[in-house]
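# Inside the fold
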Amino acid sequence: MKLHEYQAKSIFADAGIPVPDSRLATSVDEALDAVDEIGYPAAIKAQVHVGGRGKAGGIKIATDREEAEEYAEEILGMDLKGYTVDSVLVEAGVDFVDELYVGVTMDRGEGEPVLMVSTEGGVNIEEVAEENPDAIAREHVDPAFGLHPYQARKVVYEAGVDADVALDVASILSTLYDLYEENDASEIEVNPVMITGDRDVVAADAVMNIDEDALFRQPELAEMAEASYEDDLERKAGEYGFDYVRLSGNVGIIGNGAGLVMTTLDLVDYYGGSPANFLDIGGGAKAERVTQALDMVFSDDNVDAVVFNIFGGITRGDEVAKGINEALEQFDEIPKKVVVRLAGTNAEEGMEILNTDLVEVEKTLEDAVQRAVKNAEEVTQ
Amino acid sequence: MSIFVDDDTRVVVQGITGGEGRFHAGQMIEYGTNVVAGAVPGKGGQEVEGVPVYDTVDEAVEAEDADASVIFVPPAFAADAIFESLDTDLDLAVAITEGIPTQDMAKVNKRLSETDTRLLGPNCPGIITPGEAKLGILPGNIFSEGNVGLVSRSGTLTYQVVDNLTERGLGQSTAIGIGGDPIIGTSFIDALEAFEADTDTDAVVMCGEIGGEDEEQAARFIGEHMDTPVAGFIAGRTAPPGKRMGHAGAIVSGSGTGTAQSKIDALNDAGVPVGDTPEEVADHVEDFL
């Protein structure tokens, strides 16, 4: 779960990390009130969950009231990579001479958190990581002991940060690690940390991603969760709590378990069809989940045919069959042909329950996918 | 024959009084697994599926001589349950739980490296040696005894591929789900190493998916250290970059690492044929044997 910059910055500020003075605004009037208080130059920054906001025109620096009004009008309501900008952060401009990158994330290969510092801040750090990995200094942290302050100093010196600000940067990094732990972050970074002519360090941006699996013990962060969806279908998936990704094809796919659903997508493609979505009903799904899943794919106008692929382990075939029946019995006419393949735990019981007047049944994955691809072709012809 | 579990394995089920724990303890027993105890704090003295329940894993191990545990404990308490099994010095702990916070798993992993216990998972379907024992949630009826080892990051994909193998009469020595989370106990390489050393495993299937670099590392291991032939399958060829496909592991980074193609290429370079479909994986295994 991503936090907005203004949310992360308020967490940073509470923890003592220096951030520029700022206000959140949801209208042009509010933005102008904010700049009146903060002064010029002021950055107007779109608060949406997309990377590369600056390049996409979502961040502008206003040097007077006229510009502030123009930029606030321009950015509020704009479409940024598919997301509408509902709010902007109005922030005091920082007069800087240098920019750094600092971050903390989980190194999944090592199974340990890692601190990262680079003097090549202010740019796309992913590109730096790719093209010149040596430009990022790294230090792993034993998750059982936590961070020792010397480690933060070590990595800052290793990165070649100027001596007169090194300890201040190390202190920011230490605080970031504490926040990473306390908030169950999966990633926390500042790009850039700005160094002013007076040799002050300021966190000019703030990225904080939270491990969704840990939200049960982060109730305050869970409240900040703000769904951002590209379309109504993703909104619906969010409400149902499905793992769902919309794709561009016309064969709707429902299955259990990420690996099997991805395989079903791949096979649809392999047999000449085109997947419309990834939809994982998860482990142990009961009848109601199945009904919701069918509602999802039927709501997608792009879908011409559906394949339902269940291999039960913790999921039970009889529950799935019950859900399919319940979902389809509501219709006088079923909107799209559904091919069902049930295997694994209680699959036989499921097959006995399944109303085969409403669905087509195939025994193998390959047959089910090919039949669904054919069904979709018939609709488009 | 088999790796990691057999009909001597004595199992304690952590969380046996919960819905899933109870159901799958029953399924494991029905399959013939030696489920000797349950462990649930506050439920000591009860009996589930004819198995005595103890308050702690320690007590269960002491009383019933257990050497492995299967963990069906909700995510908020799962890391604690794994720690408990590690402190009891079991040979094997299998964590079925999905959704354990990653930072918890980093701590577990650290402790794990200081013990002799083997951890499978979390977020995995478990392990089965057909005809002898199953620890986890795998549907026993699709497996058959044989000489093909299988290791997979995905539960349901494991079932799919096993189904294709069994259908052809290609039985399995042991099938292992290692789990789809970013931080897991047993890796592909650990499992492959054990299969290579197992005289009764004559071919291995490795099922991977997009995300991370575990498959690429496993491919290098196969190229350098394995004589037993391996066939591969990689899920997620059609996954768009940057989108999380289900669990945390299955995400293709924007920069091109961890893609299906990079994994397929690495496996091919190591001499591992990769099937386009699960059916083709079975074809490759058939060619090996």
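From a predicted model like this one, the values you see are computed outputs, not experimental measurements.

Rules behind the numbers
- Residues numbered from 1 in each chain as written.
- Chains lettered and ligands numbered in written order.
- Predicted model: local features only at pLDDT ≥ 70, side-chain atom pairs only at ≥ 80, totals over all residues.
- Heavy atoms only, no water.
- Helix = DSSP H or I, 4+ residues; strand = E, 2+ residues; numbered from the N terminus.
- Rg over C-alpha atoms; globule rule 2.2 N^0.38 Å.
- Buried < 20%, exposed > 50% of the residue type's maximum accessible area, 1.4 Å probe, protein only.
- Contact = heavy atoms within 4.5 Å.
- Domains from an automatic or database assignment.
- Buried area = accessible area lost by both parts, 1.4 Å probe.
- Salt bridge = Lys/Arg side-chain N within 4 Å of Asp/Glu carboxyl O.
- Polar contact = N/O pair within 3.5 Å; in protein donor to acceptor, adjacent residues only side chain to side chain.
- Nonpolar A, V, L, I, M, F, W, Y, C, P; charged D, E, K, R; others polar.

Moving on, we get to the overall build of chain B. Scanning chain B from N- to C-terminus turns up nine helices and 13 strands. Taking 2.2 N^0.38 as the reference for a compact globule, 289 residues should give roughly 19 Å; the C-alpha atoms of chain B span a radius of gyration of 18 Å, in line with that estimate. Dimensions along the principal axes, computed over C-alpha positions, put chain B at roughly 55 × 40 × 30 Å. For chain B, the proportion of its 289 residues judged to be buried stands at 60%. Long-range contacts, defined as pairs at least 24 residues apart, comprise 73% of the intrachain contacts of chain B with a sequence gap of at least 6.

Residues and elements named next belong to chain B. Parsing chain B into structural domains produces domain 1 (1-122) and domain 2 (139-288). The straight-line distance from the C-alpha centre of domain 1 to that of domain 2 is 25 Å. Each side of the interface is counted separately: domain 1 has 15 residues, and domain 2 has 21 residues. In this assembly, domain 1 packs against domain 2 so that about 1,500 Å² is buried in total across both faces, 59% of it on carbon and sulfur atoms. Between domain 1 and domain 2 we count zero salt bridges in total. Seen at the junction of domain 1 and domain 2, the total is four residue pairs in polar contact (both at pLDDT 80 or more). Elements supplying a minimum of two residues to the side of domain 1 that touches domain 2: α4 (102-112) and β7 (118-120). By residue number, the principal contributor to the side of domain 1 that touches domain 2 is α4, which donates five residues. Split into classes, the residues belonging to the side of domain 1 that touches domain 2 amount to ten nonpolar, four polar and one charged.

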